[in-house]
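Coordinates in review
Below are the chains, spelled out letter by letter.
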Amino acid sequence: MKFFHKVIDVENLSEGNFILKLERNDIVFKAGQFFSLGIPGTNINREYSVCSGENESSIDFLIREIDEGILSKELRKLKVSDEVKILGPYGNFYLKNFNLNENYIFIASGTGISPFMSLLKTYPNIKYQLYHGIRYKIDMINTLPEKNYFKFVSKENINNSNFFSGRITKNLEMLLKQDKRSYVFMCGNSMMVTDVYDSLLKNNFKPEKIFTEIFF
Ligand SMILES: Cc1cc2nc3c(=O)[nH]c(=O)nc-3n(C[C@H](O)[C@H](O)[C@H](O)COP(=O)(O)OP(=O)(O)OC[C@H]3O[C@@H](n4cnc5c(N)ncnc54)[C@H](O)[C@@H]3O)c2cc1C
């Protein structure tokens, strides 16, 4: 097992977000899982969910640079051919018995969209609706299919067919009208996840079909 993986690219998406693309080598993972990343020679590691698909040649991570943060800043400064230490995969946030006939609801805040990017690349025929809470329109992921990708923008005033003003937690009507038998996967900050979880239960979604991953 080789733990050190070379950087292929650091792609800036917006002021805050970037994609770190690494050589995959012999890594195997399930869409939705995460790895612990670190810079060789330091003892600082952080967890990051894979955003590339199970069958792609590189392994990619969507990362938000945190102003006061330690590692996310350093990862953004990496150059092509620098090495990153990768441990994993970890986590159970993946589809256990994928079924084309089931409906899947994906709910993300910020870079919590990362596991869903991986899932949608891995299962392109999945039946889904994706709800994404972002701060600015520019934080949307424009490589995702536009259909069924609903963006909730908290720091800009915007309203059109797939954009809504305000946080997801203030715009739950559309989500709560979906089929109550759906599988629901939620990922991102703990406040969003716990608030939406409570609303789903109050609206008769099935607790055994709700799965969560908390980033911070
Ligand atoms: C299972 C798991 C998967 C994760 N996957 C991703 C991922 O795919 N992409 C990603 O960008 N991050 C992800 N994270 C968060 C990541 O591990 C780090 O916490 C984050 O990058 C900050 O690290 P840092 O060293 O820069 O900041 P630190 O010095 O560790 O933290 C600074 C502060 O920033 C807060 N913080 C952490 N993440 C965020 C955030 N996204 N927005 C606002 N504040 C934050 C922390 O709570 C802390 O108070 C994941 C976390 C977990 C537990």
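Residues numbered from 1 in each chain as written. Predicted model: local features only at pLDDT ≥ 70, side-chain atom pairs only at ≥ 80, totals over all residues. Heavy atoms only, no water.

Scanning the protein chain from N- to C-terminus turns up four helices and twelve strands. Expected size for 216 residues packed as a compact globule is a radius of gyration near 17 Å; at 17 Å, the protein chain falls within 12% of this value. With the principal axes as the frame, the protein chain shows a C-alpha extent of 50 × 40 × 30 Å. Summarising the internal contacts of the protein chain: among those between residues at least 6 apart in sequence, 61% fall at separations of at least 24. The centroid of the 28 positive side-chain charges in the protein chain is displaced by 4 Å from the centroid of its 25 negative side-chain charges. (Helix = DSSP H or I, 4+ residues; strand = E, 2+ residues; numbered from the N terminus. Rg over C-alpha atoms; globule rule 2.2 N^0.38 Å. Contact = heavy atoms within 4.5 Å. Lys, Arg positive; Asp, Glu negative; His and termini not counted. Charge placed at Lys NZ, Arg CZ, Asp CG, Glu CD.)

Turning to the environment of Tyr128, a few remarks are in order. Relative to the assigned elements, Tyr128 resides in strand β8 (residues 127-134). With 25 residues separating them in the primary sequence, Tyr128 and Asn103 have C-alpha atoms 5.7 Å apart. Other than its neighbours up to four places away in sequence, Tyr128 contacts Asn103, Tyr104, Phe106, Leu120, Pro145, Lys147 and Asn148.

Moving on: the sheet that holds strand β1 (residues 4-12). Spatially, the six strands line up as an open sheet ordered β4-β3-β6-β1-β2-β5, and their pairing is antiparallel. Both outer strands of the open sheet, β4 (45-49) and β5 (58-64), are each paired with one neighbouring strand and no more. Recorded for the sheet is a direction-independent mean angle of 40° between the axes of neighbouring strands. Of the pairings in the sheet, the one linking β1 to strand β2 (residues 17-23) comprises five bridges and is antiparallel in character. Each residue of the ladder has a partner; that of Asp9, found in β2, is Lys21. (Pairing = 2+ DSSP bridges. Axes fitted to C-alpha atoms, helices over the stretch in contact; angles between N-to-C directions.)

This brings us to the domain arrangement of the protein chain. When the parts come together, some accessible area is lost, and that loss is often what is quoted as the size of the interface. Entries for the protein chain in the domain assignment read domain 1 (4-90) and domain 2 (103-214). With 18 residues of domain 1 at the contact, the number on the domain 2 side is 15 residues. For the domain 1 and domain 2 pair, buried surface summed over both sides reaches about 1,300 Å², with 55% attributable to carbon and sulfur atoms. In terms of surface lost to domain 2, no three residues of domain 1 exceed Cys51, Leu62 and Arg64, which account for 33% of the buried area on that side. On the surface where domain 1 and domain 2 come into contact, there are zero salt bridges. Put simply, domain 1 and domain 2 have six residue pairs in polar contact (both at pLDDT 80 or more) between them. Counting residues per element, the ones that place at least two in the side of domain 1 that touches domain 2 are β2 and β5. Residue composition of the side of domain 1 that touches domain 2, grouped by class: nine nonpolar, six polar and three charged. (Domains from an automatic or database assignment. Buried area = accessible area lost by both parts, 1.4 Å probe. Salt bridge = Lys/Arg side-chain N within 4 Å of Asp/Glu carboxyl O. Polar contact = N/O pair within 3.5 Å; in protein donor to acceptor, adjacent residues only side chain to side chain. Nonpolar A, V, L, I, M, F, W, Y, C, P; charged D, E, K, R; others polar.)

For the ligand, the set of nearby residues contains 18 residues, the closest of which are Arg46, Glu47, Tyr48, Leu71 and Ser72. In the environment of the ligand, an oxygen atom lies 3.1 Å from a nitrogen or oxygen atom belonging to the backbone of Ser49. For the ligand, whose unbound accessible area comes to 900 Å², protein coverage reaches 77%. Residue assignment for the shell around the ligand shows that the elements contributing at least two residues are β4, β5 and α1 (71-76). (Near = heavy atom within 4 Å. Areas by Shrake-Rupley, 256 points an atom, 1.4 Å probe, with all protein chains shown as cover.)

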